[in-house]
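An overview of the molecular structure
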Amino acid sequence: MKKIAVCGKGGVGKTTFTSLLCYALAEQGREVYAIDADVNPTLAEALGFSPEEAAEITPIIEMKELIEERTGAKTGEYGSYFKTNPAVKDIPERFSRKIGNINFLMMGAMRGADQGCACAENAMLKALVTHLILKEKETVVMDMVAGTEHMGRGTAKGVDLLFLVVEPGMRSIKAAKEIRKMSRDLGIESQYVIGNKIRSPADEEYLRNQMPDFSFAGFLSKDDGVISAEQQGRALYETSPEMRETIKVIVSGVGL
Ligand SMILES: Nc1ncnc2c1ncn2[C@@H]1O[C@H](COP(=O)(O)OP(=O)(O)OP(=O)(O)O)[C@@H](O)[C@H]1O
């Protein structure tokens, strides 16, 4: 019964971590709704869908046509639609694909340079997340767009738990600090850091020293297995017993 968002600077490993988290939660018997909220979506592949399967999924943004058709509500009024029809199970089938207990949905692919900002997508996601009513065993996990923009727009409103992914470098730490500040303003109290691409205990220590007032949920090693899984088109959770064990410890450590 949780809505979880995974945030951080571009390229830190949000998608990699999100895929592991979804599998670990699904293995506990939860019904997981994995939402790729990134405008450059890659979560489908990280979960182990083939590029062909991923291409068949209708992006959530196209729900707007459905919403307008059913309710007459226009862009910006999605909230009222989700109030009247708020269960995840009500989301029509063409918007999702399933692997085991993981239901995958995506916001929408990157727009062309001349197609404007992603305000409509953000409004849509915000409405969806704010108004979704989850059943006891249902969990939503969102792989967010890089950086802080979505926080500024309040897309992550309605989220219960935020994971901030960082790597051992100043830039991702700076982004995490900004995201935390914004997310606190949105009322998201539960926030944990995941240190990714860790090469040695010194990397862990560096992160802990640079972020003394953050709660660390755990650390993921820098591992060639991540690239191998990508190349094979398989889920990292399936290919790496080490990552599987690490994520399980993280999940139980934060009480999920
Ligand atoms: N623990 C790791 N060990 C080795 N490589 C990793 C690890 N985590 C992520 N990577 C690699 O780093 C790159 C970025 O990872 P990923 O796509 O998960 O990050 P992201 O934060 O979701 O990126 P984006 O902001 O572009 O969506 C990928 O090529 C991935 O293979």
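So, how was this worked out
- Residues numbered from 1 in each chain as written.
- Predicted model: local features only at pLDDT ≥ 70, side-chain atom pairs only at ≥ 80, totals over all residues.
- Heavy atoms only, no water.
- Near = heavy atom within 4 Å.
- Helix = DSSP H or I, 4+ residues; strand = E, 2+ residues; numbered from the N terminus.
- Nonpolar A, V, L, I, M, F, W, Y, C, P; charged D, E, K, R; others polar.
- Contact = heavy atoms within 4.5 Å.
- Buried < 20%, exposed > 50% of the residue type's maximum accessible area, 1.4 Å probe, protein only.
- Pairing = 2+ DSSP bridges.
- Axes fitted to C-alpha atoms, helices over the stretch in contact; angles between N-to-C directions.

An unreviewed UniProt entry lists the protein chain under the name AAA family ATPase, with Breznakiella homolactica given as the organism.

Concerning the site of the ligand
Around the ligand there are 18 residues in total, and K14, T15, T16, D38 and E230 lie nearest to it. Sorting the residues of the shell around the ligand by element identifies helix 1 (14-27), strand 7 (190-198) and helix 10 (224-232) as the ones contributing at least two each. If one sorts the elements of the shell around the ligand by residue count, helix 1 sits on top with three residues. For the shell around the ligand, the per-class residue count stands at four nonpolar, seven polar and seven charged.

Overview of the environment of V129
Position of V129 among the secondary structure elements: in helix 6 (residues 119-131). As a C-alpha pair, V129 and I4 span 125 residues in sequence and 9.9 Å in three-dimensional space. Every residue in contact with V129, bar those within four places of it in the chain, is listed here: K3, M142, K157, G158 and V159.

A few points about the pairing of strand 5 (residues 138-143)
Of all six residues in strand 5, six are buried; the element is thus mostly enclosed. Here strand 1 (residues 2-7) runs beside strand 5; their pairing, made up of five bridges, is parallel. By the bridge assignment for strand 5, A5 is matched with M142. Alignment of strand 2 (residues 31-36) against strand 5, held across six bridges, turns out to be parallel.

Points about the sheet that holds strand 5
Spatially, eight strands are ordered 3-4-2-5-1-6-7-8 in an open sheet, and the strand pairing comes out mixed. The open sheet terminates on both sides in strands that have one partner only, identified here as strand 3 (97-99) and strand 8 (216-221). On average, each strand axis in the sheet is tilted by 20° relative to the strand beside it, whichever way the strands run. The strands touched by helix 12 (residues 241-253) are strand 7 and strand 8; relative to strand 8, the strand with the most contacts, the crossing angle is about 175°.

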